[in-house]
Amino acid sequence: MKFLDQAKVYIRSGDGGAGAVSFRREKYIEFGGPDGGDGGRGGDVWIEAVQGLNTLIDYRYQQHFKAKTGVHGMGRNRTGAKGEDAILKVPVGTQIYEEDNETLICDLTEIGQRFKLASGGNGGFGNQHFKSSTNQAPRRANPGLPGEEAWIWLRLKLIADAGLVGLPNAGKSTFLATVTAARPKIADYPFTTLHPNLGVVRIDAREFVMADIPGLIEGAHAGVGIGDRFLGHVERTRVLLHLVSAREEDPAAVYTTIRGELAAYGHGLTDKAEIVALSQVDLLDDEARAEKQAALAEACGKKPLLLSSATGEGVQDVLRALMKIIQDARTEEEDADAADDRWQK
C-alpha cells in the first residue's frame, strides 16, 4: 500500500428538503385545511478515526464527498426523511485544517473519535405552518436551506512513542527492522527510506511504538533532499532516538547539523527527551570507538550509547533507555488524568 500523509478534499453537506403544499381532501370533511409536511434535514459530513488505517491514500482517488439532500415533505403532515450523512474515515492521528492549510479544525487522536465538519441544511416548512385566522388556506411552503461546502486539508501525523532521527544511512531502518517486525527497505545508499515506517517494540514484557522517518540532511528545512515534511510524524512522540553513524568522520558536526534542522522545523522537537547513540560501531576498533564517542559526547552534552544492529551490541540498553522515558511519561499522564477525574467529581 502506498503511503500518503496529506490530501485536499471537497466536502458538502446536504440541502434541506422542501416543504409541501397540500390540503386535506376527505369525504364528509368540508374544511380540511392545509396538511403539507416539512422537508427533511440534509445529511451532515462527519470525519471519524478508525482502526486499521495508516495512510490517506484513499483520498488520492476520491476528493469529493457530498451528503444526501433531505427528502421533501408530503401531504397528510408527513415530514421528509433526513438525508444520509457522508462519513470520511481516516487513520488515528489525522489533523483537519481549513483551506489555508494553517487553521486547525480538529485533531483525531483516539479510535472512534468523530467530528462534524459540515451541518446539513434545515428542511423547509410545509404550508401547515402558515395557517392563520386570516389565511385559512395558505398556498406557500419554504424551500430547504442549502448545505455547507468547503475545501479542507487532511494531514496525518503518525502516533508513536519513540521516533528515529538522523542522517541518511545512519542505520535507522536497520535498527527498526532489528527490534520490530517491520520490514523497511534497507540498502547501502542514501534516502533508502522514502516514507515513514512504524513498528512495535517489545522489551521486558512491555511494548511501545517506534517511528522511522526519512533521513535529514543539512538544509532540509529549506527543501534540500527530501526536506523536513516527514518530521511531523515524530511530533507526537515522547522521546527521540538520535542515531549518528560511526562511519562519519566528524560525528559531532553531524549531530549539530541534525539538531539545527530540528530547531529550524520547530514544533517543540528540540524540547523532547533525546537519547543519542553512536550506531554501526561494529565497523570500528576500540580506539576509534572511544575517540568518536568522546567527540559526540562533547557535542550533545551527555555520554552517547554504543549501538550495532548487525551484532546486537547495545540494542537492549537503547531499548531499555527508551522504555524508561516512555513509561515515566505514561505514568505522568495517568496521574494527571486521575487528578482531573477527582477534580470533576
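Refer to the structure printed above.
The sections below set out a description of the structure shown in this document. (Residues numbered from 1 in each chain as written. Predicted model: local features only at pLDDT ≥ 70, side-chain atom pairs only at ≥ 80, totals over all residues. Heavy atoms only, no water.)

### Describing helix 4 (residues 286-300)
In a regular helix each residue adds 1.5 Å, so 15 residues correspond to 21 Å; helix 4 covers 21 Å between its end C-alpha atoms and thus fits that length. Residues of helix 4 that are buried: R289, K292, Q293, L296 and C300. One side of helix 4 holds all its buried residues, which, seen down the axis, span an arc of 105 degrees. Exposed side of helix 4, more than 90 degrees from the buried face: E287, E291 and E298 are the residues found there. Considering only its buried residues, helix 4 is in contact with strand 12 (239-245), helix 3 (251-265), strand 13 (273-279) and strand 14 (305-306). Positive backbone phi, approximately 80 degrees, marks G301, located one or two places after helix 4. (Helix = DSSP H or I, 4+ residues; strand = E, 2+ residues; numbered from the N terminus. Expected span 1.5 Å × (residues − 1). Buried < 20%, exposed > 50% of the residue type's maximum accessible area, 1.4 Å probe, protein only. Arc of directions from axis to C-beta. Contact = heavy atoms within 4.5 Å.)

### Some points on the sheet that holds strand 2 (residues 45-50)
Pairing in this open sheet of 3 strands is mixed, and the strands run 4-2-7 from one edge to the other. Each having just a single partner strand, strand 4 (86-91) and strand 7 (114-118) make up the two edges of the open sheet. Going from strand to strand, the sheet's axes swing by 30 degrees on average, the running direction of each strand aside. Pairing analysis gives 4 bridges linking strand 2 to strand 7, with the strands arranged antiparallel. Bridged to I47 within strand 7 is F115. (Pairing = 2+ DSSP bridges. Axes fitted to C-alpha atoms, helices over the stretch in contact; angles between N-to-C directions.)

### What about the packing of aromatic side chains?
Within the structure shown, the criterion is met by 2 aromatic pairs. On the numbers, 5.5 Å between centres and 55 degrees between planes, the contact of Y59 with F65 is tilted. The pair Y59 / F65 is uniform in exposure class, with both members buried. Over the ring of F130 we find R140; its NZ or CZ atom is 4.0 Å from the centre of that ring. (Phe/Tyr/Trp six-rings, centres within 6.5 Å; stacked < 30°, edge-to-face > 60°. Lys NZ or Arg CZ within 6 Å of the ring centre and 35° of its normal.)

### Digging into unusual backbone geometry
Here the phi dihedral of Y28 falls at roughly 70 degrees; this positive angle occurs in a residue that is not glycine. By the secondary structure assignment, Y28 is in the loop between strand 1 (6-12) and strand 2. Phi angles above zero are rare outside glycine, and A205 is one such case at about 65 degrees. Relative to the helices and strands, A205 resides in the loop between strand 10 (197-203) and strand 11 (206-212). For A205, a relative accessible area of 87% corresponds to the exposed category.

### Topic: the sheet that holds strand 1
Taken in spatial order, the 5 strands of this open sheet run 3-1-8-5-6, and their pairing is mixed. Lying at the two open borders of the sheet, with one neighbouring strand each, are strand 3 (64-66) and strand 6 (104-108). Going across the sheet, the axis of each strand differs from the next one's by a mean of 25 degrees, ignoring polarity. Where strand 1 lies against strand 8 (residues 149-156), 7 bridges are found, and the strand directions are antiparallel. Residue R12 lies in a different strand from strand 8, and its bridge partner there is E149.

### Focus on a negative patch on the surface
Taken together, E332, E334, D335, D337, D340 and D341 make up a surface patch of like negative charges. With respect to the helices and strands, D337 occurs in helix 5 (residues 315-344). (Patch = residues over 30% accessible without salt bridge, like charges linked within 9 Å, V, L, I, M, F, W, Y side chains within 5 Å. Areas by Shrake-Rupley, 256 points an atom, 1.4 Å probe, with all protein chains shown as cover. Salt bridge = Lys/Arg side-chain N within 4 Å of Asp/Glu carboxyl O. Lys, Arg positive; Asp, Glu negative; His and termini not counted. Charge placed at Lys NZ, Arg CZ, Asp CG, Glu CD.)

### Points about the pattern of salt bridges
Two side chains bearing opposite charge may form a pair once their charged atoms approach each other closely. Enumeration according to the criterion identifies 18 salt bridges in this entry. Linking R24 and E26 is a salt bridge whose minimum nitrogen-to-oxygen distance equals 2.8 Å. By relative accessible area, E26 is classed as partly exposed at 43%.

These values are about where atoms sit, not about what they do.
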